[in-house]
Every structure is written in C-alpha cells, then in structure tokens.
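# Close look at the chain arrangement
Below, each chain spelled out in residue letters.
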Amino acid sequence: MSPEIIGLISFVVLLGLIAFRIPIAIAMGMVGAIGGLIVNGYDSVAFIMGSIPFESVFPYSLSVIPLFILMGAFSARAGLSRALYDGVHAFIGHYRGGLAMATVGACAAFGAICGSSLATAATMCRVAMPEMRRRNYDDGLASATIAAGGTLGVLIPPSVIMIIYAILTEQSIGRLFAAALIPGLLATGLYMLAIWIKTARNPAFGPADTRVEWPQRFSALFSVWPVILLFGVVIGGIYAGWFSPTEAAAIGAIGAFLLALAKRQLNLRSFWESLNETANTTGMIFLILVGTAVFNYFIETTGLPQSLVSFVTELGWDRYMILILLVIFYIILGCFMDALSMILLTLPFIYPLITSLGFDPIWFGVIMVSVVEVGLITPPVGMNLFIIMAGTPGLTLQTISRGVVAFLFADVARLALLILFPALSLWLPAMIMD
Amino acid sequence: MIKQSHRILGSVTKYTAGLGMLFLLGAMLITTSDVILRKMDGAGIYGTIDLIQLMILSAAYLSIPQTFMSGSHVAVSIITDRLPLRPAALFQLIGALLSCCFMFAIMVFSFTQAQMQNEYGDISMTLGLPMIYYWIPLVIGSALSVLVALHLCIASFYTLVTQRDVLSLHKP
Amino acid sequence: PALAETIELKLSHFLPASHPTHTDFLEPWAKELEEQTNGQVKVTIFPAGSAFGHVAKQYDQVRAGVVDIAHGLTGFPRGRLPRTLIMDLPFLTKSADAASRALWDLYPEYLAEEYDGLKVLALHAHNPGLIHTRDKQVKTMADLEGLRLRTPSLATSMMLEQLNATPVGLPPTQVYENLQKGVIDGNLFPYDGVHGFKLAEVLDYHLDAKAYTTSFYFVMNEKKYNALPEDIRAAIDAISGDTLVAKFGPWWNKWDEPGIADVKAKGNSVLTLSDSERAEWRTALQPTTEKYLKSIEESGVANAREIYEAAVKTIAKYE
Ligand code: NA
Ligand code: NA
C-alpha cells in the first residue's frame with residue numbers, strides 16, 4: 001500500500017474517532033503517531049513524539065495565547081466586558097442583532113492590534129459571550145459571531161500568517177499588509193450583513209431591546225472609560241513602540257488585573273477562578289497544537305499534499321478553474337488542519353503553480369490567507385470553535401456549527417468578490433507604495 | 001474506591017494547574033518589568049525570552065492534567081449523546097485508553113529526549129539555563145495526565161460492566 | 001547487474017524552500033546525486049515548516065537516523081559544537097570563501113571530534129554580517145551604546161554587551177515587526193537575511209563592519225553512509241568535501257546580491273569600515289574573544305586557544 005493511500009485512510013479513521021467523542025487532540029495525535037509508525041518506522045515516531053510536544057509549545061510567539069486568555073479572564077471578573085457591552089447596548093441594543101454586530105466591530109478593533117486569530121477569539125469570547133447570553137441572544141449565533149470575528153485577528157493586519165506568507169514567497173510584508181486592509185474591512189462588513197440577514201429572518205436570534213434615552217446613554221458611556229484606557233494603553237503602546245505586539249498580551253493582562261483590583265472586583269476567590277479558567281483553556285489549546293503537529297508530521301511524510309497538488313497541476317484546466325479548485329481544496333483541508341500548517345505544507349508546491357499561471361503574488365497572498373482562515377471556523381476541526389467552546393459552559397460543537405453556516409456564506413461571498421475584483425486587494429498598496 | 005481516587009486526583013491536578021498559572025503570572029510580571037525597565041534605563045531584563053519560554057511551557061504542561069480531569073478537551077458528542085449508557089461508556093473507555101497511550105508516549109519519548117539533552121549539557125540561548133529545566137514540567141505534566149487518563153479508563157470500564165455511572169461520565 | 005532497489009534518502013534543513021540554500025545548493029546537490037547514481041538514489045528534501053525543519057533539531061535528528069542528511073546551524077542547540085563555533089567570533093573573517101575553506105582545513109585536526117557518528121559532507125559560513133539600524137547611523141563603537149539590537153548568535157551577544165548595547169534574542173521572523181514598532185533599534189544580519197526577512201523596508205542605516213559570521217554544517221548519518229554500496233558512497237564523496245566547500249564563497253556572494261539591491265533601492269546610507277578600522281574594533285573586542293574561549297575551555301575544550309590561533313592563521317592564508 002502506498003503512503004498516499006495510508007494518508008487517505010487515516011483521514012477516514014480520524015473522522016470516525018472524532019464522531020464517537022474521542023477528544024480531537026487525542027484522535028489527531030494517535031492517528032498521526034500510528035500512521036507515522038506504519039509509514040516511517042519506530043525510530044522516526046520515537047523522535048517525533050519526543051520533540052513535537054516540546055517544540056509546539058516552546059516558541060516565544062505562543063506566549064500571547066495564555067496571556068490574552070488571562071487578560072480576558074481578568075477583564076470579565078473586573079466587569080469590564082459588562083461595562084463595554086452596557087455602553088454598546090445603550091446605543092444599538094434596540095436594533096435586532098445589534099450586540100452581535102458590535103462584537104464583530106470589537107473583534108475588528110482588536111484584530112488591528114493583534115496578529116493572531118486564536119488570541120482574538122479567546123479574548124473576545126470572555127468579553128462577549130456572557131453578555132450576549134445575558135441578553136437572550138441565540139447561543140449558536142452568539143458563539144459563531146465570536147468564532148468568525150476571531151478570524152479578523154489575522155484578516156486585518158498585522159498578522160502572523162501574512163508575515164509567514166511574505167517571507168516564504170519573498171514578497172514585501174508592508175505591501176501585503178496594505179493589500180489586506182480593504183479585504184479585512186470587507187470581511188467585517190460582510191459578517192455584520194450576515195448577522196443582519198439572520199436576525200431579520202428570525203428576530204428571536206438577536207432580540208431587539210427597548211430604546212435607551214440619551215442621558216442614560218451618556219452615563220453608560222462614562223462607565224466604559226476603564227475599557228478605553230486598557231485598550232488605549234495596549235494599542236497606543238504598540239504604536240508608540242513601547243512594547244511589541246507579543247509583549248502587549250502581558251501588558252494587557254496586568255492592566256486588566258490592576259483595573260479589577262481598582263474596581264474592588266477581585267478577591268482571592270475570583271482571582272483563583274480566573275486562573276482556573278485560564279488553565280483549562282490553556283491546557284486544551286496547547287494539547288491541540290501538539291496533536292495537530294503530530295498528525296501533520298505523518299500526513300507530510302505520506303506525500304499526500306504534494307500528490308494532490310501535482311494532480312491539480314496536471315489537469316491542464318483554465319487558470320480560474322484551477323484557482324477555484326484550489327480554494328475548494330483548502331476549504332476541505334481546513335476542516336481538519338490548522339491555518340499555519342496548511343500554508344507551510346502546501347505553499348512550496350502551490351506558489352510556483354500560481355505564479356506560472358500569471359496570478360499576482362500579493363493578490364494570491366490575500367486570497368490564501370482568507371481561505372486558510374475559513375478553516376478556523378469549519379467543523380469538525382476548527383481552532384476558533386474549540387476556543388469558544390472551552391470558554392463557554394454548555395456550548396456544544398453542534399450548536400456553534402449551526403451558527404457558523406451564515407458566516408461561511410459571508411466568507412465565500414468575500415472570496416468571490418476578492419477573486420472577481422483584484423483591485424480590492426491591489427489598489428491600496430499601489431496608492432501608498434508606488 | 002473510584003470516587004476516592006477521583007477526589008484525590010481532582011485536587012492534585014487542581015494544585016498542579018494552579019502552580020502552572022503562577023508561572024503564567026510570572027511570565028506576565030517579567031514581561032511587564034522588562035518593558036518598564038527598558039523605558040527607564042534602556043537595558044531591560046537580561047534573557048527575558050528564555051524565562052518566558054520556560055514559564056509558558058510550565059503553564060501549558062502543568063495545566064494539561066486538569067483539562068483531562070475536568071473533561072475540557074473538545075470532543076463531538078452528537079452521536080454518543082443519543083446512545084444508551086453501555087455503548088456510550090464503551091466509547092468513553094476508548095477515548096480514555098487512547099488519551100492514556102498518547103500521553104504515555106509523550107512522557108516516555110520526551111524523557112528520552114530530555115535525558116539526551118542533559119547528557120549533551122544543552123543550555124538555553126541567552127541565559128544558559130540547563131535545558132533540563134524546560135523538560136521537567138513537560139514530563140511531570142504528561143505523567144500526571146497518564147494517571148488521570150488511567151483513572152478515567154477504570155471509571156468508564158466500571159460503568160461499562162456494572163451500568164452504574166459512578167462519575168456521571170455519560171452526560172446526556 | 002540485477003536491477004538494484006531504489007535507495008530513499010531524507011534530507012532536512014531549517015530554511016524555507018524559497019531560500020537560496022535550498023534552490024541553489026541543496027536541491028541541485030540532491031539532483032546531482034540522483035543523476036550520478038542513475039536514479040538509484042532518490043532524495044526527499046524537508047525544508048523549514050516541514051516535520052523535520054526545526055532549526056534546533058537538525059543535529060539530533062540526523063544522528064538519530066530519523067533523517068539521513070541534514071544542513072544545520074552550528075550554534076543550535078547552544079553549546080553542542082563549541083569548536084566549530086569559534087569561527088563565529090567577532091571580526092575574525094572578511095569573506096564566506098575564506099571562512100568556509102578555513103573551516104574545512106581545520107576540520108580533520110581540530111573539529112572532527114564534535115561530529116561523532118556523523119559523516120561531515122561540508123562546513124561553511126556566510127559573508128560577514130552588518131550592523132543595521134533605524135533612526136541612528138552607527139559609525140564608531142561608541143555609537144552602539146544604549147542601542148537595543150537583535151543578535152543572531154551567542155558571540156555577537158557577548159560582543160554587544162561589551163560595547164554597552166543591549167542584545168535582544170528574537171526569532172528572525174519577528175525582527176521585522178519589532179523593528180517597525182521601534183521595540184528594537186536595529187539588528188545584525190548578513191545582506192542575505194536583510195532580503196530574506198524584507199528588513200530594508202524598516203531599516204535606514206547600515207554599517208558594513210564585516211563584524212561576524214555564522215557557521216553551518218552539512219552532514220550525513222555515518223551508519224547510513226557506511227551501509228550504502230561502494231559506488232553510491234563514491235558518488236556522494238565526489239560532490240561533497242573540497243568540491244562543495246569551494247562553491248560557498250561564490251554562492252554567498254550571489255545570495256547577498258538581492259539584499260544589497262534592496263538597500264540600494266530604498267536609498268539607505270551604507271558605511272563601510274576600512275581595514276584599519278576593523279583592526280581597531282578587533283583589538284577592542286579581544287575581551288569578548290577571551291571570555292568566549294575561556295568559557296569553552298571550562299566546558300572541556302582544552303585546546304580552544306590553539307584552534308582559535310589556527311583559525312586566524314588559516315583565514316589569513318585565504319584572504
Ligand atoms: Na491582525
Ligand atoms: Na476547520
């Protein structure tokens with residue numbers, strides 16, 4: 001049996017295990033390890049199982065994940081999220097789905113300072129989920145809003161994934177950032193539109209509240225100042241060059257802690273609860289990183305991704321047909337793999353193909369980043385879905401998956417627009433840089 | 001018996017995770033101090049990244065046993081929720097067994113790597129901390145996870161055989 | 001003879017597949033081996049981002065036989081190859097060619113014992129790196145005082161500390177954003193890295209001090225090598241060793257060109273140290289060299305100073 005066939009079979013086995021409630025991290029890890037044993041032998045698996053658990057947690061850049069989760073936990077305890085949502089609610093709460101749209105807006109604002117989807121989803125989950133629940137929003141819509149909004153962390157620059165694309169393909173990072181700005185705003189707008197349509201069809205998903213009078217609006221706005229201060233310090237500090245985006249997570253966490261203290265919302269008990277909550281999410285996310293890395297190691301050594309790409313190349317189709325086929329391929333692959341692994345594994349084969357077809361590399365970068373980000377919100381394996389489930393008691397994968405469908409339509413619409421109108425990506429960099 | 005070991009493991013994993021979170025708070029404080037100090041005198045804390053990496057690694061691996069204990073790992077329960085107790089317990093048992101194998105493999109093979117790096121005398125990039133420090137939380141965390149997973153195996157096997165859901169593992 | 005079975009070799013390295021070490025050196029090397037053996041050998045390359053692409057794992061995985069051939073940095077993991085790393089000391093060499101040839105000359109007598117269990121195919125080092133800054137032009141050693149600079153290696157960190165600058169350890173992929181935000185004031189890199197990480201966009205000044213180099217190893221698992229048929233071993237030998245080492249000087253010159261072009265295109269200011277200025281820096285930095293040699297003497301390399309002297313002499317021969 002060829003390694004490629006073993007790779008294909010392993011996908012089926014993986015899906016079977018996941019369907020029967022085997023924890024996803026464990027299913028991926030074990031399928032990867034056993035598959036690796038069959039294809040590469042004992043020594044290879046022994047080495048990989050000894051080094052991946054270390055290497056997938058060790059990189060300094062990953063420190064943002066637990067620290068932003070901690071920031072979110074303190075913010076929630078300090079009532080910051082509540083104040084923020086009271087403020088937003090006072091202004092737009094009387095519109096259907098207003099809070100969900102505001103959440104997308106907040107994700108976009110956060111995405112403008114943070115380069116990671118996971119961190120954006122983790123932070124916004126702690127802030128937004130309890131508030132939307134409190135106001136009787138549908139669980140599926142609320143959680144899917146945050147999951148989709150989380151992808152804005154990467155879609156709106158700065159973005160870790162874009163930097164990696166630029167480096168691998170020798171493109172300008174600044175140019176790619178400029179190119180991604182309008183598509184990022186487009187994504188924000190389309191997510192809001194998706195919420196509008198969904199709540200228009202069924203108002204119970206995001207019930208409208210009574211209109212708040214102006215004096216109360218101003219008093220609600222006044223109680224938002226600690227949030228503005230915290231975000232101001234975090235965003236302002238990055239732009240002023242006081243600290244790097246990676247360090248911002250720690251500054252944000254300590255800022256939220258101090259605000260919670262100042263507001264007398266933090267006692268020993270709630271402090272311990274914040275830590276406990278952070279520990280659960282941290283352990284869950286890092287074990288998934290380990291499981292995914294083991295599975296990717298195996299899939300890569302089967303040569304399956306390369307075979308799929310060369311299969312596509314040899315079809316000899318029209319270049320737009322190939323592009324659409326690639327997009328579909330990435331969306332399917334994204335159901336099982338994380339964004340970064342997909343880029344790292346396939347780019348060496350896809351990129352020469354794309355440039356040989358005469359596509360613009362910066363434009364394709366925007367498309368590629370968009371399409372791998374879709375994978376974060378497609379079940380069964382979608383990191384953003386997991387992060388929100390981990391932070392939300394009682395939320396099942398079924399519920400959040402049901403809610404996510406509307407946002408997947410928004411993603412597909414955005415991809416279509418980006419492919420049809422390259423100017424959406426290429427106009428701004430040309431304006432700024434040429 | 002099962003309930004007693006559940007209590008004991010529950011509090012052991014809770015304190016271990018708590019220790020991990022102290023490391024996370026440490027990472028938060030060190031990063032902040034580094035930022036403040038280098039604004040003041042331009043120097044910052046020497047070897048911040050080495051320390052942060054050690055602390056994040058500890059935070060992650062000391063938290064993992066608790067995530068097994070509290071069932072925080074993401075899983076799809078569409079099908080098992082509709083199954084009667086016995087078959088559900090069977091899949092619970094398979095999940096616990098696979099978890100046990102995976103964490104055991106991590107523990108054993110990481111221990112080998114750790115030993116090798118120790119023999120080489122590997123040290124961290126800036127501060128020159130022995131790399132074995134970085135492996136300690138990993139090996140401890142995975143060993144404790146093996147114990148927890150083993151405990152979950154026994155509990156779900158007991159449920160499978162007696163049809164008594166001792167730890168209410170099968171949540172409808 | 002009967003149709004021999006295909007021998008599959010795994011070759012791993014830590015640089016992206018777009019990097020010239022992959023496209024100009026490793027890929028053609030693998031292809032040549034395949035041709036020389038009439039297709040009896042098939043080489044699969046695992047670059048950065050792949051399962052075997054981690055920078056700190058190259059040495060371990062090739063020794064463990066998980067991959068058969070590896071190209072790695074001698075500085076990772078820290079302290080594994082202290083003898084070879086002597087080449088990375090400040091102001092020792094002016095060119096990749098001299099440094100690479102010198103390493104290969106030193107190898108049999110002085111460096112071989114670090115590569116136990118490995119068949120060394122080549123050693124090389126990049127063209128000496130520059131000091132790059134944003135906001136402030138560095139011309140003298142005093143200009144470095146108080147600057148926060150990202151450093152690529154232990155030796156450069158020690159050098160910066162001696163000159164009262166703050167060395168910052170960061171993954172190379174994060175240099176761009178930290179420069180852009182002003183979290184660091186500059187970095188040390190060869191031209192090749194300036195291009196690879198798009199740094200010209202966020203840098204303004206460059207001091208071509210030829211301050212330091214970074215050394216690399218290209219090795220094969222010894223057991224695997226010995227188990228190969230005679231003719232295949234001969235094919236490997238023919239395209240490695242002296243033949244290969246001689247190519248690195250011209251290669252590194254070529255690999256630096258895009259970085260030089262980037263800097264020129266942005267209109268940045270580039271200052272170059274004269275030979276006499278370099279000699280001044282080198283003399284002033286003797287304490288760093290001393291400290292480094294002493295530290296590796298303490299870790300058990302008794303003849304560290306002898307290796308250093310031999311390196312100085314050999315480099316002089318090639319420069
Ligand atoms: Na972003
Ligand atoms: Na997915």
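First things first, this report covers the structure right here in the doc. Source: prediction; values computed, not measured.

Cut-offs and rules
- Per chain, residues are indexed from 1 in the order of the written sequence.
- Chain A is the first chain written and ligand 1 is the first ligand written, with later ones labelled in order.
- With the structure being a predicted model, the display of local features is reserved for residues of pLDDT at least 70 and the display and counting of side-chain atom pairs for 80 or more, all residues being used for whole-chain, interface and lining totals.
- Side-chain calculation: all heavy atoms of the structure are included, whereas hydrogens and water are not.
- Runs of H or I in DSSP of at least four residues are treated as helices and runs of E of at least two as strands, each being numbered from the N terminus.
- In this description the radius of gyration comes from C-alpha coordinates, and the expected globular size is given by 2.2 Å times residues to the power 0.38.
- A 1.4 Å probe rolled over the protein chains alone gives each residue an accessible area, and that area as a share of the maximum for its type sets the label: buried under 20%, exposed over 50%, partly exposed in between.
- Residues count as neighbours in contact if any of their non-hydrogen atoms are within 4.5 Å of one another.
- A 1.4 Å probe and the Shrake-Rupley method give the accessible areas. Residues count as covered only by the protein chains that appear here.
- In this tally, Lys and Arg are treated as positive and Asp and Glu as negative; His is ignored, and so are the chain termini.
- Every charge is mapped to an atom, namely NZ of Lys, CZ of Arg, CG of Asp or CD of Glu.
- Axis angles are defined between N-to-C directions and span 0 to 180 degrees, where every axis is a line fitted to C-alpha atoms and, for a helix, only to the segment in contact.
- The cut-offs work like this: below 35 degrees is roughly parallel, past 145 is roughly antiparallel, 65 to 115 is roughly perpendicular, and the gaps in between are oblique.
- By convention, the crossing between two helices is left-handed when the near helix turns anticlockwise from the far helix through less than a right angle, and right-handed when the turn is clockwise.
- Gly is put with the polar residues, along with every residue not named as nonpolar or charged; the nonpolar set is Ala, Val, Leu, Ile, Met, Phe, Trp, Tyr, Cys and Pro, and the charged set is Asp, Glu, Lys and Arg.
- Buried area, as used here, totals the accessible surface that two parts lose on assembly, with accessibility defined by a 1.4 Å probe and the loss added over both.
- A carboxyl oxygen of Asp or Glu within 4 Å of a side-chain nitrogen of Lys or Arg is what we treat as a salt bridge.
- We define a polar contact as two N or O atoms separated by no more than 3.5 Å, with the added condition that, inside protein, one atom must be a possible hydrogen donor and the other a possible acceptor, whereas residues neighbouring each other in sequence contribute only through side-chain atom pairs.
- Two strands pair if DSSP finds at least two bridges between them.
- To form a nonpolar core, buried Ala, Val, Leu, Ile, Met, Phe, Trp, Tyr and Cys residues must be joined to one another through side-chain atoms within 4.5 Å.
- What counts as a disulfide here is a pair of cysteine sulfur atoms lying within 2.5 Å.
- In this scheme Phe, Tyr and Trp rings, the latter by its six-membered ring, pair at centre separations within 6.5 Å, and the angle between planes marks the pair as stacked below 30 degrees, edge-to-face above 60, and tilted otherwise.

So, about the overall build of chain B. From N to C terminus, chain B includes four helices and zero strands. Traced from its N-terminal end to its C-terminal end, chain B shows the element sequence α-α-α-α. Against the globule reference of 16 Å for 172 residues, chain B gives a C-alpha radius of gyration of 20 Å, more extended than a compact globule. Overall, the C-alpha framework of chain B stretches about 65 × 35 × 30 Å when taken along its three principal axes. The proportion of buried residues among the 172 residues of chain B is 55%. By sequence separation, contacts in chain B at least 24 residues apart represent 75% of the contacts at least 6 residues apart.

When its secondary structure is counted, chain A shows 22 helices and zero strands. A compact globule built from 434 residues would reach a C-alpha radius of gyration of about 22 Å, and chain A, at 22 Å, matches this within 12%. Projected onto its principal axes, the C-alpha coordinates of chain A cover approximately 70 × 50 × 45 Å. Out of the 434 residues belonging to chain A, those deemed buried represent 64%. Across chain A, the fraction of contacts at a sequence separation of at least 24, relative to all contacts at a separation of at least 6, is 80%. Looking at chain A as shown, the accessible area adds up to about 14900 Å², and 70% of this sits on carbon and sulfur atoms. Distance from the positive charge centre (19 side chains) to the negative charge centre (21 side chains) of chain A: 17 Å.

We now examine the packing of helix α7 (residues 117–134) of chain A against helix α8 (residues 139–150) of chain A. All names here are of chain A. Axis separation between α7 and α8 bottoms out at 8 Å; the angle between their running directions is 155 degrees. By the criterion of interaxial angle, the relationship of α7 to α8 is roughly antiparallel. Handedness of the crossing formed by α7 with α8: right-handed. Contacts between α7 and α8 involve S117, T120, A121, M124, C125, A128, M129, M132 and R133 from the first element and D139, A142, S143, I146, G149 and G150 from the second. Of the residues in the contact of α7 with α8, the class split is eight nonpolar, five polar and two charged.

Counting residues at the interface gives 55 residues for chain A, matched by 57 residues for chain B. Of all residues in chain A, the largest losses of buried area upon contact with chain B belong to A:F20, A:R21 and A:F54, amounting jointly to 14% of the total for that side. Close ionic contact of A:E247 with B:R38 constitutes a salt bridge, the shortest N to O distance being 2.9 Å. The tally of links between chain A and chain B comes to seven residue pairs in polar contact (both at pLDDT 80 or more). The set of elements that each furnish at least two residues to the side of chain A that touches chain B consists of α1 (3–19), α2 (24–40), α3 (42–55), α4 (64–77), α14 (245–262), α15 (268–302), α20 (383–391) and α21 (397–420) of chain A. Broken down by element, the side of chain A that touches chain B gets its largest block of residues, 15 residues, from α15(A).

This paragraph deals with the interface of chain B and chain C. Counting residues at the interface gives 16 residues for chain B and 16 residues for chain C. Taken together, the two surfaces of chain B and chain C that pack against each other cover about 1300 Å², and 46% of this comes from carbon and sulfur. Area buried by chain B at its contact with chain C is led by B:R38, B:Y120 and B:M125, which between them contribute 40% of it. Counting across the chain B and chain C interface gives one salt bridge. Residues B:D122 and C:R80 are paired through a salt bridge, measuring 2.4 Å at the closest nitrogen-oxygen approach. Viewed at the interface, chain C and chain B are joined by three residue pairs in polar contact (both at pLDDT 80 or more).

Between side chains of opposite charge, a pair can form when the charged atoms approach closely. As enumerated under the stated definition, the model contains 23 salt bridges over all chains in all. In this structure, C:R83 and C:E114 form a salt bridge, with 3.3 Å as the shortest nitrogen-oxygen distance. One end of the pair, C:R83, is in the loop between β3 (69–73) and α3 (96–111); the other, C:E114, is in the loop between α3 and β4 (118–125), and 31 residues separate them in sequence. Exposure class is identical for C:R83 and C:E114. Each is buried. Note that C:E297 and C:R305 form a salt bridge whose closest N and O atoms lie 2.9 Å from each other. On the accessibility criterion, C:E297 (26% relative accessible area) is partly exposed. One connected set of salt bridges, linked through shared partners, spans A:E247, B:D34 and B:R38.

Okay, the packing of α15(A) against helix α2 (residues 48–69) of chain B next. Where α15(A) meets α2(B), the axes come as close as 7 Å, and the angle between the chain directions of the two elements is 95 degrees. In terms of orientation, α15(A) lies roughly perpendicular with respect to α2(B). For the pair formed by α15(A) and α2(B), the contact residues are A:N276, A:A279, A:N280, A:T282, A:G283, A:M284, A:F286, A:L287 and A:V290 on the first element and B:I56, B:A60, B:Y61, B:S63, B:I64, B:Q66, B:T67 and B:F68 on the second.

Below, the discussion takes up the pairing of strand β10 (residues 215–221) of chain C. Residue and element names in this part refer to chain C. Most of β10 is tucked away: seven of the seven residues are buried. Alternating positions in β10 separate into two faces, S215, Y217, V219 and N221 on one and F216, F218 and M220 on the other, with burial throughout. Of the strand pairs in this sheet, β3 and β10 are connected by five bridges, and their pairing is antiparallel. Paired with A70 across the two strands is V219, which belongs to β10. Note that β4 and β10 share seven bridges and pair antiparallel. In the sheet register, H124 faces β10, and the bridge partner there is F216.

For the rest of this paragraph, the subject is the nonpolar core. Within the largest apolar cluster, 294 residues are counted, with the highest numbers of intra-cluster contacts made by C:W29, C:Y115, C:L199 and C:F218. Ranked by the residues each element gives to this core, the list is headed by α15(A), at 14 residues. If sequence neighbours within four positions are ignored, C:F218 has contacts with C:L11, C:F25, C:L26, C:W29, C:I69, C:A70, C:H71, C:V120, C:L121, C:A122 and C:L244.

Now for the state of the cysteines. Residue and element names in this part refer to chain B. Following the criterion strictly, the structure yields zero disulfides over all chains and no others. We note that C100 lacks a disulfide partner, and the nearest cysteine sulfur, in C153, lies 5.1 Å from it. Residue class for C100 comes out buried when judged on its relative accessible area of 11%.

As a further point, take the sheet that holds strand β2 (residues 41–46) of chain C. Residue and element names in this part refer to chain C. Ordered in space as β2-β1-β3-β10-β4, the five strands form an open sheet in which the pairing is mixed. On the outer flanks of this sheet lie β2 and β4, each paired with one strand and no other. Taking each pair of neighbouring strands and ignoring which way they run, the sheet shows an average axis angle of 20 degrees.

Next up on the list: the sheet that holds strand β6 (residues 148–150) of chain C. Residue and element names in this part refer to chain C. If you walk across this open sheet you meet the six strands as β7-β6-β8-β5-β9-β11, and the pairing is mixed. Two strands close off the open sheet at either side, each with one partner strand: β7 (166–168) and β11 (269–272). Strand after strand, the sheet turns through a mean of 25 degrees between neighbouring axes, direction not considered.

Attention now goes to the packing of aromatic side chains. Per the stated rule, a full pass over the model turns up 34 aromatic pairs over all chains. Measuring from centroid to centroid gives 5.3 Å for A:F74 and A:F257, while their planes differ by 55 degrees, and the two rings are tilted. Taken together, the residues A:F74 in helix α4 and A:F257 in helix α14 connect sequence positions 183 residues apart. Their ring planes at 85 degrees and their centres at 5.1 Å tell us that C:F25 and C:F248 sit as a pair that is edge-to-face.

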